[in-house]
Amino acid sequence: MQESSRAGGETRMALNPRSDALCARLPASVADELFFPDQMNPRAVERARALCDACPIKALCATLPEPVEARTGYRFGIWGGTTPGERERGVPVCGECGTPTDGLVCLAHVGVAA
């Protein structure tokens, strides 16, 4: 995490994808196999999402491939727990935690007091 300042002198910690992501702690070959599987099957997605669900930068990570995908038209890998198909269809994700939602309610927050 890096310290950043806001207007009014308030200081908060900014997340850094290179150091705060749980996947950044994995050996590169393990991360590649986990997040860029040869076949995007339910088991592969479930394995990647298990790590994404515990990651502090999940919501940020889900937005990282957007510029590359927009420029190339090619979607790849699991980012922030979202699959290429979900990103292509524009599946909404929770802005707080990055979990794919139905657009109305985040299942990760059902029953959690506001």
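For clarity, every value in this text was computed on a predicted model and none was experimentally measured.

Q: Give a detailed account of the state of the cysteines, specifying residues and quantitative values.
A: What the rule picks out here adds up to zero disulfides. This cysteine, C61, is not joined by any disulfide, and C23 carries the nearest cysteine sulfur, 5.9 Å off. With a relative accessible area of 13%, C61 lands in the buried category.

Q: So what about the packing of aromatic side chains? Which residues, and what values?
A: One pass over the full model with this rule turns up four aromatic pairs. Centroid distance F36 to F76: 5.9 Å. Interplanar angle 25 degrees. Geometry classified as stacked. Of this pair, F36 sits in the loop between helix 2 (28–35) and helix 3 (42–53) while F76 sits in the loop between helix 5 (66–72) and helix 6 (84–89), placing them 40 residues apart in sequence. For F36, a relative accessible area of 34% gives the class partly exposed. Of the residues examined, F76 reaches a relative accessible area of 24% and is grouped as partly exposed. With a centroid separation of 5.8 Å and an interplanar angle of 15 degrees, the aromatic rings of Y74 and F76 are classed as stacked. Residue class for Y74 comes out exposed when judged on its relative accessible area of 54%.

Q: Give a description of the pattern of salt bridges that names residues and reports values.
A: Per the stated rule, a full pass over the model turns up three salt bridges. A salt bridge links E86 to R49; the shortest N-O distance between them is 2.5 Å. Taken together, the positions of E86 in helix 6 and R49 in helix 3 put the pair 37 residues apart, joining distant regions of the chain. Judged by relative accessible area, which is 23%, R49 ranks as partly exposed. Across the pair E69 and R87 runs a salt bridge whose closest N-O atoms are separated by 2.8 Å. Separated by 18 residues along the polypeptide, E69 in helix 5 and R87 in helix 6 bring together distant segments of the chain. R87 carries the same exposure label as E69, and that label is buried.

About the cut-offs
Residues numbered from 1 in each chain as written. Predicted model: local features only at pLDDT ≥ 70, side-chain atom pairs only at ≥ 80, totals over all residues. Heavy atoms only, no water. Disulfide = S-S within 2.5 Å. Buried < 20%, exposed > 50% of the residue type's maximum accessible area, 1.4 Å probe, protein only. Phe/Tyr/Trp six-rings, centres within 6.5 Å; stacked < 30°, edge-to-face > 60°. Helix = DSSP H or I, 4+ residues; strand = E, 2+ residues; numbered from the N terminus. Salt bridge = Lys/Arg side-chain N within 4 Å of Asp/Glu carboxyl O.

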